[in-house]
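Summary of the model geometry
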Amino acid sequence: MGHLLPAGSVFAFLAEHRLRLFPAEMFADLFPSGRGRPSIPPEVVASVIVLQTLHNLSDREAAEAVTFDLRWKAACGYAIDAAGFHPTALTYWRRRLAASERPQRIFEVVREVIEQTGAIAGKQRRALDSTILDDAVARQDTVTQLVAAIRRVGRDVAGAKDLIASDCTRLEALTGQDYTATGKPRIAWDDAAAREELVTALVNDALALLAALDVEQITEDGGQPAEAVALLALVAGQDVEPAEDSDGTDGRWRIAPKTAPDRMISTVDPETRHAHKTRERRQDGFKAHLVVEPDTGLTTAVKATKASGSQNSDANVGAALLSEDTTIAEGQSVEVLADSAYGTGEMLHELDRAGHEPIIKPWPLRSAVPDGFTLDDFLRDTDAGTVTCPAGVTGPVSVKNTVSFESACGECPLRQRCTTSKRGRKLVLHEHDLLQREHRKRANGEGFQATYRRHRPMVERSIAWLTRGARRVPYRGLETNDNWLHHRVAGLNLRRLLAMGLTVQDGTWALD
């Protein structure tokens, strides 16, 4: 039925070239013993994984498509009356890939095709962006997390179930139900005092269970028991604090009125996080980071991270992804296009060290008073090691990168436009202040603005391709969803290459 497939479709391409794209030796390391190999050819599994992520299907839906959809049968080389395989075969292969030394090999192979075709040869730009992917679990409140964490310890730690029955009795004494009961504890939820009593009972039960367990030995042994104990310890401390009139020693607790940094929001998936796209819009999930060649829309590097935390910021991850982008030759300089989230001093420093040119929207400068002076109104002399304020007063830059004008601010006629501090103006300069100043100056140029407006928007289209019908990740856990993200981007890159005319000429990949 292959002749019925639309020319230039991923189905038609895999029907003709799946063995060339995914040769059997590419997966030989997954089964080193030579025994117990699955009967499904590896090129078929790789093709199904690409199609599955491209069309955002579950394992069961993908297995059914191989059995009942003629397009999938043609792509995989199955006869019309041939049955597919059990959905768990896909789970098995993904686990093998995840445990291997090259878990992203399918993405890497498609990226090698990009390089062989010359689709981005000579391209001197890369665009960076990120987007939030919704998680696959429901957000849990503090009470639900505490109950779930205690139950998990009871399931995963040997002997813990008996300890819960004997030592964790405060919840039952308060509500009449123990940790075997389902549903939320029965209390007067509109009564603040009752909620605090419940939190106190749950936290003290959790602490009693941790005290009764040999935590040190469990942690040393590792595995699921260690994960369950660590999760319980985290949940028991991240959202609670001593009661308002407690000194922390009387065992009375309440839910803290602030959110803990890097707060875990679900015991079902401990790695999903809160993320704020804007002040008003909050999402829960993971963050997908992309490096895109803006002329073609091809993604050359990708990574999924937690949605919060300074180590997962756009700038930190973006700089690392650029260094991992194999389509950028060693010593090659590229223009890096990105929004202001990437305009940190550290990012500018990394780009400067690598020889790249930042076409990044600068961070907006804020003045200490409305319509007052900004940092760029203070002129810095690098040779003299000084900074001159708008009033013409010059001060030295200290070893800690600070400059004080406090002694000159008393009678200064410009003080009302400069500072509201009673002591006067003091500057704390960033470690990479000189780079940031130079970048802000360059960003005001017409050439910078024209390049940014012309080439930056393509990454938004790549983000739209990525999230269309797939805004919610299908799995739990960061590693699993990172692998899924690489597979999906591999499929999107392949589809994009086909739109550009991907073919085989003289035994090599090429573009018509």
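Scoring rules and cut-offs
Residues numbered from 1 in each chain as written. Predicted model: local features only at pLDDT ≥ 70, side-chain atom pairs only at ≥ 80, totals over all residues. Heavy atoms only, no water. Helix = DSSP H or I, 4+ residues; strand = E, 2+ residues; numbered from the N terminus. Contact = heavy atoms within 4.5 Å. Areas by Shrake-Rupley, 256 points an atom, 1.4 Å probe, with all protein chains shown as cover. Lys, Arg positive; Asp, Glu negative; His and termini not counted. Charge placed at Lys NZ, Arg CZ, Asp CG, Glu CD. Axes fitted to C-alpha atoms, helices over the stretch in contact; angles between N-to-C directions. Parallel < 35°, antiparallel > 145°, perpendicular 65-115°, else oblique. Left-handed = near helix turned anticlockwise from the far one by under 90°. Nonpolar A, V, L, I, M, F, W, Y, C, P; charged D, E, K, R; others polar. Salt bridge = Lys/Arg side-chain N within 4 Å of Asp/Glu carboxyl O. Buried < 20%, exposed > 50% of the residue type's maximum accessible area, 1.4 Å probe, protein only. Core = buried A, V, L, I, M, F, W, Y, C linked by side-chain atoms within 4.5 Å. Pairing = 2+ DSSP bridges.

In terms of regular secondary structure, the protein is built from 18 helices and 15 strands. Seen through its principal axes, the protein has C-alpha atoms that stretch 90 × 70 × 40 Å. Counting only contacts in the protein whose residues sit at least 6 apart along the sequence, the fraction spanning at least 24 positions is 65%. With an accessible surface of roughly 25,900 Å², the protein has 49% of that area assigned to carbon and sulfur atoms. Across the protein, 63 positive and 71 negative side-chain charges occur, with their mean positions spaced 4 Å apart.

Moving on to the packing of helix H8 (residues 160-167) against helix H10 (residues 192-212). The relative placement of two packed helices is expressed as an angle between their axes plus a distance between the axes. One can describe the packing of H8 onto H10 by two numbers: an axis separation of 10 Å at closest approach and a directional angle of 130°. On the basis of their axis angle, the class for H8 and H10 is oblique. The interaxial crossing formed by H8 with H10 has right-handed handedness. Here H8 contributes Ala160, Leu163, Ile164 and Asp167 to the contact with H10, which in turn contributes Asp205, Ala208, Leu209 and Ala212. Looking at the contact of H8 with H10, its residues break down into six nonpolar, no polar and two charged.

Summed over all chains, the structure comprises 26 salt bridges. The partner of arginine 105 in a salt bridge is aspartate 29, with the nearest N and O atoms 2.7 Å apart. Taken together, the residues span a long stretch of sequence, with arginine 105 in helix H6 (residues 105-117) and aspartate 29 in the loop between helix H1 (10-21) and helix H2 (42-55) at a distance of 76 residues. Residue classification places aspartate 29 among the partly exposed positions, given a relative accessible area of 42%. Where arginine 437 meets aspartate 433, a salt bridge forms, and the shortest distance between an N and an O atom there is 2.8 Å. You can see arginine 437 and its partner aspartate 433 sitting in helix H15 (residues 433-443), four residues apart, about one turn around the helix. A single burial state applies to arginine 437 and to aspartate 433, both of which are buried.

Here we take up the side chain of arginine 94. Mapped onto the fold, arginine 94 is located in helix H5 (residues 88-99). Residue arginine 94 is classed as buried on the basis of its relative accessible area, which comes to 17%. Leave out the neighbours within four places in its chain, and arginine 94 touches Gln52, Asp59 and Tyr475.

Grouped together as the largest cluster of nonpolar side chains are 73 residues, with contacts concentrated most on Leu14, Leu21, Phe22, Val48, Ile106 and Leu485. It is helix H18 (residues 478-499) that contributes the most residues to this core, nine residues altogether. Look past the residues within four positions of valine 48 in its chain and what remains in contact with it is Ala62, Val66, Trp72, Cys76, Phe85 and Leu90. Counting residues in each nonpolar core, the second largest holds 32 residues, with Ile150, Leu171, Leu210 and Val240 among its members.

With that settled, the discussion passes to helix H13 (residues 314-324). Among the residues making up H13, those that are buried are Asp314, Ala315, Val317, Gly318, Ala319, Leu321 and Leu322. Turning to H13, the residues buried within the fold contact strand S1 (125-134), strand S5 (282-293), strand S6 (298-306), strand S7 (335-338) and helix H14 (345-354).

As a further point, take the sheet that holds strand S9 (residues 379-381). Strand order in the open sheet made by the three strands is S9-S10-S11, with antiparallel pairing throughout. Whereas interior strands pair on both sides, the edge strands pair on one side only; in this sheet they are S9 and strand S11 (394-396). Ignoring strand direction, the axes of neighbouring strands in this sheet form an average angle of 25°. Where strand S10 (residues 386-388) lies against S11, three bridges are found, and the strand directions are antiparallel.

Moving on: the packing of helix H17 (residues 457-467) against H18. The interhelical angle for the contact between H17 and H18, taken along N-to-C directions, is 115°, at an axis separation of 10 Å. Like other packed secondary-structure pairs, H17 and H18 cross with a definite hand, here right-handed. Between H17 and H18, the contacting residues are Met458, Trp465 and Leu466 on the first element and Leu485, Arg488, Val489, Leu492 and Arg496 on the second. When its residues are assigned to classes, the contact of H17 with H18 shows six nonpolar, no polar and two charged.

Structurally, lysine 123 is set in the loop between H6 and S1. Once residues lying within four places of it in the same chain are set aside, the contact partners of lysine 123 are Glu293, Asp295, Thr296 and Gln332.

Turning next to the pairing of S6. Across the nine residues of S6, seven count as buried, placing the element largely inside the fold. One ladder, built from eight bridges, connects S5 with S6; its direction is antiparallel. Looking across to S6, one finds that lysine 287 is bridged to threonine 305. Connecting S5 to the next strand, S6, in antiparallel fashion are four residues, including glycine 297 with a positive phi near 80°.

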